[in-house]
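# Structural characterization, general
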Amino acid sequence: MEPYIIMGIVAVVLAFIGFFLGQVYHRKASESTIGSAKEEANRILSDAMKNAETKKKEALLEAKDEIHQMRQETEKDLRERRTDVQRQEKRLQQKEETLDRKIDNLELKEEKLNERAKQIDERLEECERIKKSQLEMLEKISGLSKENAKSQLLDMLDGELSHEKAVKINEFERSTKEECDNLAREIIAHAIQRCAADHSSEVTVAVVPLPNDELKGRIIGREGRNIRAIESATGVDLIIDDTPEAIAVSSFDPIRREIARVTLERLISDGRIHPTRIEESVAKATAEVEAVIKREGEQAVIDSGVHNLHPELVKLLGRLHFRTSFGQNVLNHSLEVCHISGLIAAEMGVDITLAKRAGLLHDIGKAIDHEQEGSHIQLGVEAAKRYRESEAVIHAIHAHHGDVEAKTVIACIVQAADAISAARPGARRENIENYIKRLEKLEEIANSFKGVESSFAIQAGREIRIIVKPEIISEDQMAIIAHQVAQRIEKELEYPGMIKVNLIRENRVADYAK
């Protein structure tokens with residue numbers, strides 16, 4: 001065992017010696033490497049210091065060059081600015097000198113103006129003194145005061161102005177009439193001569209004749225059940241009074257009134273009058289009136305020659321058969337306006353078809369003005385828009401009573417045709433009370449003017465004849481007063497057609513032979 005131990009110890013010692021020698025070798029190698037690295041580092045540092053010194057010198061040189069260049073530029077800019085400032089100072093100095101000279105001139109002018117103003121004030125005072133002395137002299141010579149002379153002068157000027165106004169009005173009326181009366185009269189005369197429309201006058205209250213007065217009791221029924229059933233089914237009022245063998249049917253709606261009239265005639269002819277039979281009769285009468293409406297509308301379209309109307313417009317035309325205005329049947333009036341419009345359009349060379357269409361539909365709103373709120377013009381415009389009529393037709397409907405200004409020839413033609421149809425003698429019937437009130441209002445308007453002695457409404461209210469006092473109203477003033485009376489009538493009265501204002505001035509002298 002000992003040799004192995006000795007060998008192991010020897011091996012360990014050898015290994016330790018080898019490890020130590022290796023460490024010594026590595027230390028020396030590391031020290032040599034570190035030394036060389038330090039030398040390299042010192043060399044690099046030395047080179048860097050040299051390069052830095054070189055760069056520093058170059059940078060300093062460049063900075064000095066740049067500073068020198070900037071200094072030159074700054075000095076140049078300062079020189080330019082000094083020059084500009086000097087130039088502006090010179091200009092300001094020149095302007096100040098100019099202003100000083102102007103101020104001196106203005107002061108001189110102001111002094112001259114003040115002197116002149118004093119002279120003017122003195123002359124004005126002198127003129128006032130002269131004017132006052134002349135007025136006093138004139139008052140002494142004429143024997144009139146200033147106020148009296150002024151009033152006489154104003155009166156004289158007023159008379160001259162009245163004369164000039166009257167002359168101007170007469171000249172304007174004469175030239176206007178000469179230019180348009182002949183042509184308008186010729187066109188309208190041709191249209192009226194060629195139009196031959198018939199008129200039927202309808203009443204607002206329908207009267208149903210009875211075979212005997214016993215039927216009144218049967219129509220009233222037990223405790224009034226029959227008459228209540230008729231009124232509730234038709235929407236009318238039945239007037240049963242002391243009129244022998246007649247019942248009056250009253251309603252604001254002409255269609256309802258016609259349905260009630262037909263119902264009563266059916267019940268009277270049948271003899272069976274009770275609520276059930278009344279309902280059946282009302283249904284049959286309604287169907288019969290609707291058929292009449294359709295037939296009359298279609299016949300109106302055929303008679304007028306206007307085609308492609310909406311079916312609802314045709315139905316509304318048929319309803320006009322039962323509508324009246326001042327006793328004039330509205331459907332017949334619309335047909336007459338249609339024909340007259342077409343004839344006038346033909347004379348004037350405009351669209352005949354469009355004029356007839358507008359004339360036929362101008363009063364279409366009267367077919368529904370009992371059922372809806374609004375004037376017949378508004379309702380007619382709405383209906384025409386609803387059923388897609390042209391803008392020309394809608395405008396003619398809107399303008400035919402002057403609610404809006406007529407802007408097309410068609411609208412003017414429909415206005416004229418409507419006035420011709422409504423104003424011709426016998427076309428319309430007026431309530432006697434309204435007629436008398438209109439005549440009284442005409443005379444009242446005429447008598448309200450200063451210088452009117454008396455007035456008389458003649459020709460069924462188509463003319464007002466005014467007698468003026470000759471000592472108050474001169475011949476020149478007559479044209480002015482006639483114009484003013486016509487304007488008052490247009491403003492305060494409603495009437496079909498035209499009213500002629502006729503002034504009469506005369507001097508009467510009487511003497512007696514003894």
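One structure accompanies this document, and this report is about it. (Residues numbered from 1 in each chain as written. Predicted model: local features only at pLDDT ≥ 70, side-chain atom pairs only at ≥ 80, totals over all residues. Heavy atoms only, no water.)

## A word on the overall build of the protein chain
Across its full length, the protein chain holds 14 helices and 8 strands. Counting the 514 residues in the protein chain, one finds 29% classified as buried. Considering only contacts in the protein chain between residues 6 or more positions apart, those separated by 24 or more positions represent 62%. Of the roughly 35300 Å² of accessible surface on the protein chain, a fraction of 53% belongs to carbon and sulfur atoms. (Helix = DSSP H or I, 4+ residues; strand = E, 2+ residues; numbered from the N terminus. Buried < 20%, exposed > 50% of the residue type's maximum accessible area, 1.4 Å probe, protein only. Contact = heavy atoms within 4.5 Å. Areas by Shrake-Rupley, 256 points an atom, 1.4 Å probe, with all protein chains shown as cover.)

## A closer look at the nonpolar core
Counting residues in each nonpolar core, the largest one holds 40 residues, and the members touching the most others are Leu-309, Leu-317 and Leu-361. Those elements that place two or more of their residues in this core are helix H6 (275-304), helix H7 (311-319), helix H8 (330-348), helix H9 (352-361), helix H10 (376-386), helix H11 (391-399) and helix H12 (409-423). Ranked by residue count, the leading element in this core is H8, at 8 residues. Setting aside residues no more than four positions away along its own chain, Leu-317 makes contact with Gly-297, Val-301, Leu-309, Leu-331, Leu-360, Leu-361 and Ile-364. (Core = buried A, V, L, I, M, F, W, Y, C linked by side-chain atoms within 4.5 Å.)

## Structural notes on a negative patch on the surface
Together, Glu-96, Glu-97, Asp-100, Asp-104, Glu-107, Glu-110, Glu-111 and Glu-115 give the surface a local cluster of negative charge. Locating Glu-111 in the fold gives a position in helix H1 (residues 2-142). (Patch = residues over 30% accessible without salt bridge, like charges linked within 9 Å, V, L, I, M, F, W, Y side chains within 5 Å. Salt bridge = Lys/Arg side-chain N within 4 Å of Asp/Glu carboxyl O. Lys, Arg positive; Asp, Glu negative; His and termini not counted. Charge placed at Lys NZ, Arg CZ, Asp CG, Glu CD.)

## Here's the deal with the pattern of salt bridges
Counted by the stated rule, this structure contains 14 salt bridges. Lys-441 serves as the salt-bridge partner of Glu-492, at 3.5 Å between the closest nitrogen and oxygen. Of this pair, Glu-492 sits in helix H14 (residues 475-492) while Lys-441 sits in helix H13 (residues 432-447), and the two are 51 residues apart along the sequence. By relative accessible area, Lys-441 is classed as partly exposed at 27%. For Glu-492, the salt bridge goes to Arg-488, with nearest N and O atoms at 2.6 Å. Of the two residues, Glu-492 and Arg-488 both sit in helix H14, 4 residues apart, roughly one turn of that helix. Owing to a relative accessible area of 34%, Glu-492 belongs among the partly exposed residues under this scheme. The network of salt bridges with shared partners includes Glu-258, Arg-261 and Glu-265.

## Observations concerning the pairing of strand S7 (residues 463-468)
By the criterion of burial, S7 is predominantly enclosed, with 5 of the 6 residues buried. Sheet analysis places strand S6 (residues 452-458) next to S7, joined by 6 bridges and oriented antiparallel. Pairing of Ile-458 across the sheet is with Glu-463, part of S7. Taken together, the 5 bridges between S7 and strand S8 (residues 500-504) define a ladder with parallel strand orientation. Considered in S8, the bridge of Ile-464 is made with Val-501. (Pairing = 2+ DSSP bridges.)

## Section: the packing of H8 against H9
Put simply, H8 and H9 touch, their axes get as near as 7 Å, and they point 155° apart. Relative to H9, H8 is oriented roughly antiparallel. The interaxial crossing formed by H8 with H9 has right-handed handedness. Contact with H8, carried on its side by Ser-334, Leu-335, Val-337, Cys-338, Ser-341, Gly-342, Ala-345 and Ala-346, involves Ile-352, Ala-355, Lys-356, Gly-359 and Leu-360 of H9 and no other residues of that element. Its residues assigned to classes, the contact of H8 with H9 comprises 8 nonpolar, 4 polar and 1 charged. (Axes fitted to C-alpha atoms, helices over the stretch in contact; angles between N-to-C directions. Parallel < 35°, antiparallel > 145°, perpendicular 65-115°, else oblique. Left-handed = near helix turned anticlockwise from the far one by under 90°. Nonpolar A, V, L, I, M, F, W, Y, C, P; charged D, E, K, R; others polar.)

## So, the sheet that holds S8
Pairing is mixed across the open sheet formed by 3 strands, whose spatial order is S6-S7-S8. Here the strands that pair on one side only, and so sit at the sheet edges, are S6 and S8. Going from strand to strand, the sheet's axes swing by 20° on average, the running direction of each strand aside. Lying over the sheet, H14 contacts S7 and S8, oriented at roughly 150° with respect to S8.

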